[in-house]
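Read off the chains here:
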Amino acid sequence: MLIQQNITHSLRSPVAVVVLGIIGIGLLYILWREVRKIPAKLLTLMATAFIDMVGVLMIFPLLPFYVKKFGESGVYVLGFHVGIGLITAFIVAAFTVAQLLSAPMWGRFSDRVGRRPALLIALTASAAAYLIFGFADSLWLLFLSRVVQGAGGGTVGVIQAYVADSTEPQDRARALGWLSAVTNLGVTIGPVVGSFAITLGKYDLIPGPAHLELGHTAPGVLAATLCVINIAFAARYLTESRNPSDHVQVEGEERRTSRQVIWRVISHSSEPSSRLIWIYAIAMGAFQGSFSVLALFLNKQFQVTEQTIGYFFMYVGSISVFTRVLLLGRMVDWLGEAKLSRLGLVLLALGVFGMPLAWNLGTLAFAVALIPLGTAFTFPCVTALLSRIIKPRERGLFMGMQQTYGGAARAIAPLFFGWCFDLLGPRSPYFFASAIIFTTIFLGVGLDAYVKPSKDYAEVSNPQEESV
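The structure contained in this document is the topic of the report that follows.

Along the protein, the regular secondary structure elements total 18 helices and two strands. Summarising the internal contacts of the protein: among those between residues at least 6 apart in sequence, 82% fall at separations of at least 24. Carbon together with sulfur atoms contributes 68% to the accessible area of the protein, which is approximately 19800 Å² in total.

Here's what the structure looks like:
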């Protein structure tokens, strides 16, 4: 208990705030230096993604506390008691289920109509979701807000396709790392802004006799305001990346539907594209599924509250930015995308495994530091490899399919890990997650043979070209 109190006190101390502020300034400086290396076409996309992620991470860390507030000790459904951990998992999973269903549609829509209109519609859905979250007064409205945002959140594959459209094959992992660095900067800043919004909601905003407090609506209202600003920015500056000549129908070639590709990944699971999708889905599902109860775990083990949870996300986001900006490109040049993705899976599994074994702030910080290293080395490389294997006219579809399978994993995993949290203890989700992540390493064995640094995979002759 004394250790928990010391951790909570240290997170609230002025020294911690100053140190984290210095880290944030350092990250901005590093990003400013690297921005000169980024193609101009990607800068607007990165700015849009950054603002969007700030809004997302303003809300996500607060969600378990809102669930606890509205659900208290749990609810009874058909005579069965459902605990807070499982309720949180259901509400988190609502986002991924909606994303799962919408991702192939957005991918096909962006292939046919364009990346830009797809992204603008998605941002509009996010603004509506934030408003619902802000004015929610029940678990059902929290659930609805996640469904609405998930329906718009199926455009992650569209963003990845935009990057693939705008870069050369050998530069895609690096470009995806840049994009990830910006979004992780949003991960770093968003929770702090969310905590500020909680504080802001307690103050009277109108001087004099009149009285106006936003209360618990403040985070949602502020996130929605940022999203509206983002929509205006993207509408003005975001250009279309899709090259119409890459999407001309070839005579005699049949366009595959989302349903056909879904089945292809299952029925031809040994193909490179299928293996990459499975690696992404399983590892991402285990990682994010276990983190759906992160706030509850930290609250139970270290007495972290809704006002201090943001510092943990800021710490993880800071390491992610440094890794993706300074290390990822150099590591890709050294090891290659296939080997680096396997190293990333090892680091991610070790970091997740170490979290429940931590006995103080120092050991927790060490274990957590391995997680952003693992995610930075794994997911951009897997996505870059996938973008090089598939044909340009099907990028949106396959990138959306990757998100579909990832969404299915992220929908199922939180339910399992929420059940583990309630019945097996707060540390059990992280032991299971690390074991699952580790098994995906074997799916990546042999992918080195498909690495062609100077040519697009779609142009390289290989035994499975026609099937991919």
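Right, let's get into the nonpolar core. Grouped together as the largest cluster of nonpolar side chains are 82 residues, with contacts concentrated most on Leu142, Leu298 and Met355. For this core, the element with the highest residue contribution is helix H12 (residues 272-291), accounting for 10 residues. Here Met355 is in contact with Phe291, Leu294, Phe297, Leu364, Ala367, Val368, Ile371 and Tyr430, once residues within four sequence places are set aside. By size, the runner-up hydrophobic cluster in this structure holds 31 residues, among which are Val163, Trp178, Ala234 and Leu340.

Here the focus is helix H14 (residues 309-335). At Leu327, H14 shows its largest bend, some 50°. Immediately beyond the C-terminal end of H14, within one or two residues, lies Gly336, with a positive phi of roughly 90°.

Bringing the packing of helix H8 (residues 156-166) against helix H9 (residues 172-200) into the picture now. One way to put it is that H8 packs onto H9 with a least axis distance of 10 Å and a crossing angle of 135°. Between H8 and H9, the angle falls in the class oblique. Our pair here, H8 against H9, has a crossing hand that is right-handed. Where H8 approaches H9, its residues Ile159, Gln160, Val163 and Ala164 are matched on the opposing element by Arg172, Ala175, Leu176 and Leu179. Of the residues contributing to the contact of H8 with H9, the split by class is six nonpolar, one polar and one charged.

Looking at where Phe109 falls in the secondary structure, it is placed in helix H5 (residues 84-112). In this structure, the C-alpha to C-alpha distance between Phe109 and Leu397, residues 288 residues apart in sequence, is 8.6 Å. The residues touching Phe109, leaving out its near neighbours within four places in the chain, are Gly114, Pro117, Ala118 and Ile121.

A separate point is the packing of H12 against helix H16 (residues 361-389). Put simply, H12 and H16 touch, their axes get as near as 10 Å, and they point 150° apart. What the angle tells us is that H12 and H16 run roughly antiparallel. Crossing angle aside, the handedness with which H12 passes H16 is left-handed. Residue-level inspection shows Pro272, Ser273, Leu276, Ile277, Ile279, Tyr280, Ala283, Met284, Phe287 and Phe291 of H12 in contact with H16, the latter providing Ile371, Thr375, Phe379, Val382, Thr383, Leu385, Leu386 and Ile389. When its residues are assigned to classes, the contact of H12 with H16 shows 15 nonpolar, three polar and no charged.

Let's shift gears to a nonpolar patch on the surface. Together, Ile282, Phe416, Trp419, Leu423, Leu424, Phe432 and Ile436 line one region of the surface with nonpolar side chains, adding up to about 620 Å² of accessible area. Contributions of two or more residues to the nonpolar patch are made by helix H17 (395-424) and helix H18 (428-439). Mapping Leu424 onto the fold places it in helix H17. Residue classification places Leu424 among the partly exposed positions, given a relative accessible area of 47%.

Applying the stated rule across the entire model yields 13 aromatic pairs. Consider the rings of Tyr66 and Phe70, whose centres lie 6.3 Å apart with planes at 80°: the pair is edge-to-face. Pair noted here: Tyr66 and Phe70 are both in helix H4 (residues 63-71), with a separation of four residues, about one helical turn. You can call Phe70 partly exposed: its relative accessible area is 22%. An aromatic cluster of three or more residues is present, and its members are Phe416, Phe417, Trp419 and Phe432.

Here Ser102 lies in helix H5. Sequence separation between Ser102 and Gly400 is 298 residues; the distance between their C-alpha atoms is 8.6 Å. Separated by 3.0 Å, the side chain of Ser102 and the backbone oxygen of Ala98 make a polar contact.

With respect to the element layout, Arg388 can be found in helix H16. Taking the relative accessible area as the measure of exposure, Arg388 reaches 2% and is therefore buried. Linking Arg388 and Glu168, residues 220 residues apart in sequence, is a C-alpha distance of 9.5 Å.

Mapped onto the fold, Thr383 is located in helix H16. Setting aside anything within four residues of it in sequence, one finds Thr383 in contact with Gln160, Leu176, Tyr280, Met399 and Gln402.

Attention shifts here to the side chain of Gln149. With respect to the helices and strands, Gln149 occurs in helix H7 (residues 139-152). Of the residues examined, Gln149 reaches a relative accessible area of 5% and is grouped as buried. In terms of polar contacts, Gln149 uses its side chain to reach the side chain of Tyr130, at 3.1 Å. Apart from the residues within four sequence positions on either side, Gln149 is in contact with Val56, Phe95, Ser126, Ala129 and Tyr130.

So, how was this worked out
- Residues numbered from 1 in each chain as written.
- Predicted model: local features only at pLDDT ≥ 70, side-chain atom pairs only at ≥ 80, totals over all residues.
- Heavy atoms only, no water.
- Helix = DSSP H or I, 4+ residues; strand = E, 2+ residues; numbered from the N terminus.
- Contact = heavy atoms within 4.5 Å.
- Areas by Shrake-Rupley, 256 points an atom, 1.4 Å probe, with all protein chains shown as cover.
- Core = buried A, V, L, I, M, F, W, Y, C linked by side-chain atoms within 4.5 Å.
- Buried < 20%, exposed > 50% of the residue type's maximum accessible area, 1.4 Å probe, protein only.
- Bend = angle between axes of the 7 residues up to and from the residue.
- Axes fitted to C-alpha atoms, helices over the stretch in contact; angles between N-to-C directions.
- Parallel < 35°, antiparallel > 145°, perpendicular 65-115°, else oblique.
- Left-handed = near helix turned anticlockwise from the far one by under 90°.
- Nonpolar A, V, L, I, M, F, W, Y, C, P; charged D, E, K, R; others polar.
- Patch = residues over 30% accessible without salt bridge, like charges linked within 9 Å, V, L, I, M, F, W, Y side chains within 5 Å.
- Salt bridge = Lys/Arg side-chain N within 4 Å of Asp/Glu carboxyl O.
- Phe/Tyr/Trp six-rings, centres within 6.5 Å; stacked < 30°, edge-to-face > 60°.
- Polar contact = N/O pair within 3.5 Å; in protein donor to acceptor, adjacent residues only side chain to side chain.

Keep in mind that these numbers describe shape and distance, not what the molecule does.
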